[in-house]
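Inside the fold
As a plain string of letters, each chain reads:
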Amino acid sequence: MNELTRRGLIFGAAALAAGVVFASVDRVATSAFVRKEPPLQPDATVEIVEFDDSGKRTGKRTVRKVQKTLAEWQVILTTPQFVVTRKAGTEIPYSGELLNEHRAGIFRCVDCDTALFDAKTKFESGTGWPSFWAVLAAENVHERDDFSLGILQREVKCARCDAHLGHVFTDGPDPTGLRYCMNSSALKFFPNRSA
């Protein structure tokens, strides 16, 4: 077998394997190695900080966690929202609807409306995803180590409903040095009408 054919076979097999691991679903790629559906805990609560749509903090509150089966989430979410928030998918870079959103306002979780980010902390990272240098309240998100792509990343999830939002990196601007790299499909934007 000559070198050209052998290379074609190797790269063809690698491309086929990559196609099996990642399936494109309307702007979203998802890993085939997604964790199993966690059991529901009907009495679970979480303390979050609430904000009005202008971004004004209205106080801390203990609320029941929003929990549904994957089948229930699939009925109420669009396909990209479901793949990103429930299957830990990632939007294709530069495809998200909120990438170029620059109005004053706040970004909420698409699954449960928990306030997550203020537009004041949004910046152009050049990565192709909406990026923020801070969350509205640390209580409203939780982070965990993520090795799903074979490298260590910090996954960011909504504290109230456990929706996958994206990842946080330590290459962001001052004052935090953080870059919360989020998926547009995981967020809803609420413009500040009084601005």
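Quick caveat: nothing in here was measured; it's all calculated off a predicted structure.

1. With respect to the overall build of the protein chain
- Of the regular secondary structure elements, the protein chain holds three helices and 14 strands.
- By the burial criterion, 43% of the 195 residues in the protein chain qualify as buried.
- Considering only contacts in the protein chain between residues 6 or more positions apart, those separated by 24 or more positions represent 55%.
- As presented, the protein chain carries roughly 10800 Å² of accessible surface, and 56% of it is formed by carbon and sulfur atoms.

2. Description of the sheet that holds strand β6 (residues 105-109)
- Spatially, the three strands line up as an open sheet ordered β7-β6-β14, and their pairing is antiparallel. At either end of the open sheet lies a strand with only one pairing partner, and these are β7 (115-118) and β14 (187-191). Going across the sheet, the axis of each strand differs from the next one's by a mean of 30 degrees, ignoring polarity.

3. Details of the state of the cysteines
- The final tally for this structure, using the stated rule, is zero disulfides.
- Lacking any disulfide linkage, Cys 109 is separated from the closest cysteine sulfur, that of Cys 161, by 3.6 Å.
- For Cys 109, a relative accessible area of 0% translates into the label buried.
- Looking at the unpaired Cys 112, the closest cysteine sulfur is the one in Cys 158, lying at 3.5 Å.
- Exposure remark for Cys 112: the relative accessible area of 11% places this residue in the buried category.

4. Details of helix α3 (residues 79-87)
- Most of α3 is tucked away: seven of the nine residues are buried.
- All buried positions along α3 are accounted for by Pro 80, Gln 81, Phe 82, Val 83, Val 84, Thr 85 and Arg 86.
- Ala 88, located one to two residues past α3, shows a positive phi value of around 55 degrees.

5. Regarding unusual backbone geometry
- Along the chain, Asp 174 connects to Pro 175 via a cis peptide bond; the corresponding omega equals 10 degrees.
- Relative to the helices and strands, Pro 175 is located in the loop between β12 (164-169) and β13 (179-182).
- Unusually for a residue other than glycine, Tyr 94 sits at a positive phi of about 65 degrees.
- Relative to the assigned elements, Tyr 94 resides in the loop between β5 (90-91) and β6.
- Judged by its relative accessible area of 54%, Tyr 94 falls in the exposed class.

6. With respect to the environment of Ala 88
- Along the chain, Ala 88 falls in the loop between α3 and β5.
- Remark: the alpha-carbon pair of Ala 88 and Ala 163, spanning 75 residues in sequence, is separated by 8.2 Å.

7. Details of the confidence of the model for the protein chain
- Looking at the protein chain as a whole, its pLDDT mean stands at 84, while 80% of the residues score no less than 70.
- Contacts from residues 3-26, a stretch scored under 50 in pLDDT, to residues over four places away or in other chains number 17 contacts.

8. Points about the pattern of salt bridges
- Applying the stated criterion across every chain yields a total of 13 salt bridges.
- The shortest N-O distance in the salt bridge between Glu 139 and Lys 60 comes to 3.1 Å. Of this pair, Glu 139 sits in the loop between β9 (131-132) and β10 (141-146) while Lys 60 is found in strand β4 (residues 57-64), placing the two residues 79 residues apart along the sequence.
- By relative accessible area, Lys 60 is classed as partly exposed at 45%.
- Residues Arg 144 and Glu 155 are paired through a salt bridge, measuring 2.7 Å at the closest nitrogen-oxygen approach.

9. Description of the sheet that holds β10
- Spatially, β8-β9-β13-β12-β11-β10 is the arrangement adopted by the six strands of the open sheet, whose pairing is antiparallel. Because the sheet does not close on itself, it has two edges, and the strands there are β8 (122-123) and β10.
- The pairing of β8 with β9 spans two bridges and is antiparallel. Looking at the pairing, Phe 123 lines up with Ser 131 of β9.

Quick notes on the rules
- Residues numbered from 1 in each chain as written.
- Predicted model: local features only at pLDDT ≥ 70, side-chain atom pairs only at ≥ 80, totals over all residues.
- Heavy atoms only, no water.
- Helix = DSSP H or I, 4+ residues; strand = E, 2+ residues; numbered from the N terminus.
- Buried < 20%, exposed > 50% of the residue type's maximum accessible area, 1.4 Å probe, protein only.
- Contact = heavy atoms within 4.5 Å.
- Areas by Shrake-Rupley, 256 points an atom, 1.4 Å probe, with all protein chains shown as cover.
- Pairing = 2+ DSSP bridges.
- Axes fitted to C-alpha atoms, helices over the stretch in contact; angles between N-to-C directions.
- Disulfide = S-S within 2.5 Å.
- pLDDT = per-residue confidence, 0-100.
- Salt bridge = Lys/Arg side-chain N within 4 Å of Asp/Glu carboxyl O.

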